[in-house]
Amino acid sequence: MGLGPLVAITAGVVLVAVTVTFGIARLRGRYDTIDTFWGLGFALVAVVAFPLGSGPLVLRLVTAALTVGWGVRLAVHLHLRNRGGGEDPRYQRMVERAGDNPGARIFVRVYLVQAVILWFVSLPVQFAMYGTGLGVLGWIGVAVWVLGFTFESVGDAQLSRFRADPGNRGKVLDTGLWRYTRHPNYFGDACVWWGLYLLACSTWPGAATILSPIAMTFTLARGTGKPMLEKSMARTRPGYAAYVERTSGFVPLPPKKLTRR
């Protein structure tokens, strides 16, 4: 099967999966169900694309395994994080502003938009299934993925432990990986997708999917990821301004030594 039919099939699969997820969200009464689907959606794309590709088996196996491993871990983490609380305030505000039919508004503005982004960001995974082999760039991609997965999973685990301690209420986590970057999980996420992109670079069409990791990195660093979270943290954490001043915003760096005034 060629690339054209594959990307059409994955687009259809993502659309159906997002629609089903929206139905589940309506039954649960929680629109943040899409957060759990986000990682699973990429895993689904990899599973669908794996048998349809024509590249070497080892390249397809590595690409699928890395994508599924990342997606399932993220889905489990977000599900466990959201399970203990109420609906995400973002969706609550959308429901309040939506008028008589909030479901339709959220389906179009959240679920369908995320479906398009998910499909677009996953293009390197799809194109890697038609690559010529791992090669040097492929192994570098695996190393970058490992770095990113480590940062993301360790950062999430450190934050979960910090939040679980009642004594940390209102405080700012500034130890572990969080000492070197305000968002080790977002930095790790970006690295994961640059690693997967490198796996697709054994062919020129695969290398042409560079806008996919760029889009993911921009979303995390400048879009709905880091800026929105930091705006909320600045309002609720008294020590957050000083933390921002001394700690790198994205790429891990040694903390700055602040001079007293």
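The structure presented is a predicted model; accordingly, all values stated were derived computationally and were not measured.

**Quick notes on the overall build of the protein**
Each helix and strand in the protein was counted, giving twelve helices and zero strands. When the helices and strands of the protein are read in sequence order from the N terminus, they spell out α-α-α-α-α-α-α-α-α-α-α-α. On C-alpha atoms alone, the protein measures out to a radius of gyration of 19 Å, which is about the 18 Å that the 2.2 N^0.38 rule sets for 261 residues. Considered along the principal axes of its C-alpha atoms, the protein spans approximately 60 × 50 × 25 Å. The burial tally for the protein puts 48% of its 261 residues in the buried class.

**Brief notes about empty space enclosed by the protein**
Under the counting rule described, the total for this entry stands at one cavity of 30 Å³ or more. Empty space within the largest cavity amounts to approximately 40 Å³. In terms of lining, the largest cavity is formed by R28, R30, D32, T33, T36, L78, H79, N82 and R83. Elements with a contribution of two residues or more to the lining of the largest cavity: α2 (33-49) and α3 (57-83). At four residues, α3 tops the list of elements feeding residues into the lining of the largest cavity.

**Some points on the confidence of the model for the protein**
For the protein, the mean per-residue pLDDT works out to 89, and 92% of the residues sit at or above 70. When pLDDT is averaged over each element of the protein, helix α6 (residues 123-128) comes out on top at 97 and helix α11 (residues 226-236) at the bottom at 66.

**Description of the packing of α2 against α3**
Put simply, α2 and α3 touch, their axes get as near as 7 Å, and they point 165° apart. One way to sum up the angle between α2 and α3 is to call them roughly antiparallel. α3 is crossed by α2, and the crossing has left-handed handedness. Between α2 and α3, the residues in contact are D35, T36, W38, G39, L40, F42, A43, A46 and V47 and A64, T67, V68, W70, G71, V72, L74, A75, L78, H79 and N82, respectively. Of the residues assigned to the contact of α2 with α3, the class counts are 13 nonpolar, six polar and one charged.

**What to know about the state of the cysteines**
Counted by the stated rule, this structure contains zero disulfides. Summary of cysteine pairing: C191 is not part of a disulfide, and the nearest cysteine sulfur, belonging to C201, is at 15 Å.

**What about the environment of D156?**
With respect to the secondary-structure elements, D156 resides in helix α7 (residues 135-164). Judged by relative accessible area, D156 falls into the buried class, the value being 4%. A sequence separation of 47 residues divides D156 from T203, and the C-alpha atoms of the two residues are 34 Å apart. Beyond its immediate stretch of four places on either side in the chain, D156 contacts R73, H77 and N185. Looking at D156, its side chain comes within polar contact range of the side chain of N185, at 3.3 Å.

**Description of helix α10 (residues 211-221)**
Along α10, the residues that are buried comprise S212, P213, M216, T217, L220 and A221. Along the axis of α10, the buried positions cluster into a sector of 150°, meaning they face one direction only. Exposed residues lying more than 90 degrees from the buried face of α10 are L211 and F218.

**Focus on the nonpolar core**
Soluble, globular proteins show a tendency: their nonpolar side chains are buried together. Core analysis: the largest hydrophobic core is formed by 50 residues, its most contacted members being F42, W70, Y111, W193, L196 and L199. Put simply, the parts of the chain that give this core at least two residues each are α1 (3-28), α2, α3, α4 (89-97), α5 (102-121), α7, α8 (184-199) and α10. For this core, the leading source of residues is α8, giving eight residues. Aside from chain neighbours lying at most four places away, what touches Y111 is V18, T21, F22, A25, R30, Y31, T33, I34 and I106.

**Description of the pattern of salt bridges**
What the rule picks out here adds up to four salt bridges. The residue R73 makes a salt bridge to E152 at a minimum N-O spacing of 3.6 Å. With R73 in helix α3 and E152 in helix α7, this residue pair connects regions lying 79 residues apart in the sequence. Overall, the relative accessible area of 18% leaves R73 in the buried class. What emerges from the salt-bridge pattern is a single network uniting R73, E152 and D156.

Rules of the game
- Residues numbered from 1 in each chain as written.
- Predicted model: local features only at pLDDT ≥ 70, side-chain atom pairs only at ≥ 80, totals over all residues.
- Heavy atoms only, no water.
- Helix = DSSP H or I, 4+ residues; strand = E, 2+ residues; numbered from the N terminus.
- Rg over C-alpha atoms; globule rule 2.2 N^0.38 Å.
- Buried < 20%, exposed > 50% of the residue type's maximum accessible area, 1.4 Å probe, protein only.
- 1 Å grid on protein atoms, 1.4 Å probe; cavity = no way out; pocket = protein on both sides within 12 Å on 5 of 7 lines; lining within 4 Å.
- Points joined across faces, edges and corners; volume = space filled by probe spheres on them.
- pLDDT = per-residue confidence, 0-100.
- Axes fitted to C-alpha atoms, helices over the stretch in contact; angles between N-to-C directions.
- Parallel < 35°, antiparallel > 145°, perpendicular 65-115°, else oblique.
- Left-handed = near helix turned anticlockwise from the far one by under 90°.
- Contact = heavy atoms within 4.5 Å.
- Nonpolar A, V, L, I, M, F, W, Y, C, P; charged D, E, K, R; others polar.
- Disulfide = S-S within 2.5 Å.
- Polar contact = N/O pair within 3.5 Å; in protein donor to acceptor, adjacent residues only side chain to side chain.
- Arc of directions from axis to C-beta.
- Core = buried A, V, L, I, M, F, W, Y, C linked by side-chain atoms within 4.5 Å.
- Salt bridge = Lys/Arg side-chain N within 4 Å of Asp/Glu carboxyl O.

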